[in-house]
Amino acid sequence: ASFVGDLRVIPQIANKGRMIALVVGNKDYIVHPLTNPLNDADDMKKALEDIGFRVEILKNANREEFGTKIDSFTSNLQEGDIVFFYYSGHGIAIQNQNYLIPIDFNGTNEASVRYRSISADEVQRAIEDRKPQLALVVLDACRDNPFLRTKGVSGGGLASPREAKGTLIAFAAGPGEAAIDTADE
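Cut-offs applied
- Residues numbered from 1 in each chain as written.
- Predicted model: local features only at pLDDT ≥ 70, side-chain atom pairs only at ≥ 80, totals over all residues.
- Heavy atoms only, no water.
- 1 Å grid on protein atoms, 1.4 Å probe; cavity = no way out; pocket = protein on both sides within 12 Å on 5 of 7 lines; lining within 4 Å.
- Points joined across faces, edges and corners; volume = space filled by probe spheres on them.
- Nonpolar A, V, L, I, M, F, W, Y, C, P; charged D, E, K, R; others polar.
- pLDDT = per-residue confidence, 0-100.
- Contact = heavy atoms within 4.5 Å.
- Phe/Tyr/Trp six-rings, centres within 6.5 Å; stacked < 30°, edge-to-face > 60°.
- Helix = DSSP H or I, 4+ residues; strand = E, 2+ residues; numbered from the N terminus.
- Buried < 20%, exposed > 50% of the residue type's maximum accessible area, 1.4 Å probe, protein only.
- Pairing = 2+ DSSP bridges.
- Salt bridge = Lys/Arg side-chain N within 4 Å of Asp/Glu carboxyl O.

S.K.: Is there a simple way to think about the layout of surface pockets in this case?
M.R.: If you roll a probe as big as a water molecule over the atoms, it shows you where there is empty space left. By volume, the second largest pocket amounts to about 200 Å³. Taken together, 14 residues line the second largest pocket, and the ones lying closest to its centre are I70, I118, S119, E122 and V123. Across the lining of the second largest pocket, the residue classes break down as four nonpolar, four polar and six charged.

Here's what the structure looks like:
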């Protein structure tokens, strides 16, 4: 979250739109737990609130909680809003589609990723469908694949996003790379 200081420019460009954010941190996975996502989510929430965003936060979400929160959040967006979506946790790409992994994920193949996780592309599309003034999507996730690589599956970490319409998308790591998840971050 080192770019947080750069976010101060957002209120200057907000043209009467509400500034609304959803921050998600998933750490306590049943397989491959992480160290930092909850701290990262708390830091991002504070930084966004400090510049005037109304922030909803979701921590350690299972598939049902994650999907319900995304639906609730996006359905309440209005045309002209400034929207910020931040996710810290595991991410996987299957056939050039990005998926955000809930903490109860225990997949063994590509189909399990598609049906037991959250499509980042669908989150982006749901936000864009509400016609925000500006949308920022930050995926603080590895771009390698700790869940399926030993099972002979071709999917890697997060892929390049689909074409964005008025949306800025930022990744924490390059293609095929792991994001740093150490206690001293």
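Okay, back to it.
S.K.: Would you explain the confidence of the model for the protein in this entry?
M.R.: When pLDDT is low, close inspection of the predicted coordinates is not appropriate. Across the protein, the average pLDDT comes to 81, with 69% of residues at 70 or higher. Confidence drops under pLDDT 50 across residues 150-157; counting only partners more than four residues distant or on other chains, this segment forms 22 contacts.

S.K.: Hey, could you run me through the packing of aromatic side chains in this one?
M.R.: To describe a pair of aromatic rings, you give the distance between the ring centres and the angle between the ring planes. Scanning the entire structure with this criterion turns up two aromatic pairs. Their ring planes at 75 degrees and their centres at 6.1 Å tell us that F53 and F84 sit as a pair that is edge-to-face. Of this pair, F53 sits in the loop between α2 (37-50) and β2 (54-59) while F84 sits in strand β3 (residues 82-88); the two residues are 31 residues apart in sequence, bridging distant segments of the chain. For F53, a relative accessible area of 5% gives the class buried.

S.K.: Looking at this structure, how should I read the sheet that holds strand β5 (residues 97-100)?
M.R.: By way of backbone hydrogen bonds, the strands of a sheet pair with one another, either parallel or antiparallel. If you walk across this open sheet you meet the three strands as β4-β5-β6, and the pairing is antiparallel. The sheet is open, and its two borders are formed by β4 (91-94) and β6 (118-119), each paired with just one other strand. Looking at chain direction, β5 and β6 are connected through two bridges and run antiparallel. Paired with Y99 across the bridge in β6 is S119.

S.K.: Even after reading the chapter, I still don't get the pattern of salt bridges, so can you show me in this structure?
M.R.: Should their charged atoms come close, side chains of opposite charge can pair. Here the structure, examined in full by the defined rule, presents nine salt bridges. In this structure, R18 and D81 form a salt bridge, with 2.7 Å as the shortest nitrogen-oxygen distance. One end of the pair, R18, is in the loop between α1 (10-13) and β1 (19-25); the other, D81, is in the loop between α3 (63-75) and β3, and 63 residues separate them in sequence. What makes R18 partly exposed here is its relative accessible area of 27%. A relative accessible area of 1% places D81 in the buried class. Several salt bridges share partner residues, and in doing so they unite R54, E56 and K69 into one network.

S.K.: Can you walk me through the environment of A141 in this structure?
M.R.: Looking at the secondary structure, you find A141 in the loop between β7 (134-140) and β8 (167-171). For A141, a relative accessible area of 1% puts it in the buried group. Measuring from C-alpha to C-alpha, the distance between A141 and I92 comes to 8.6 Å, with 49 residues separating the pair along the chain.

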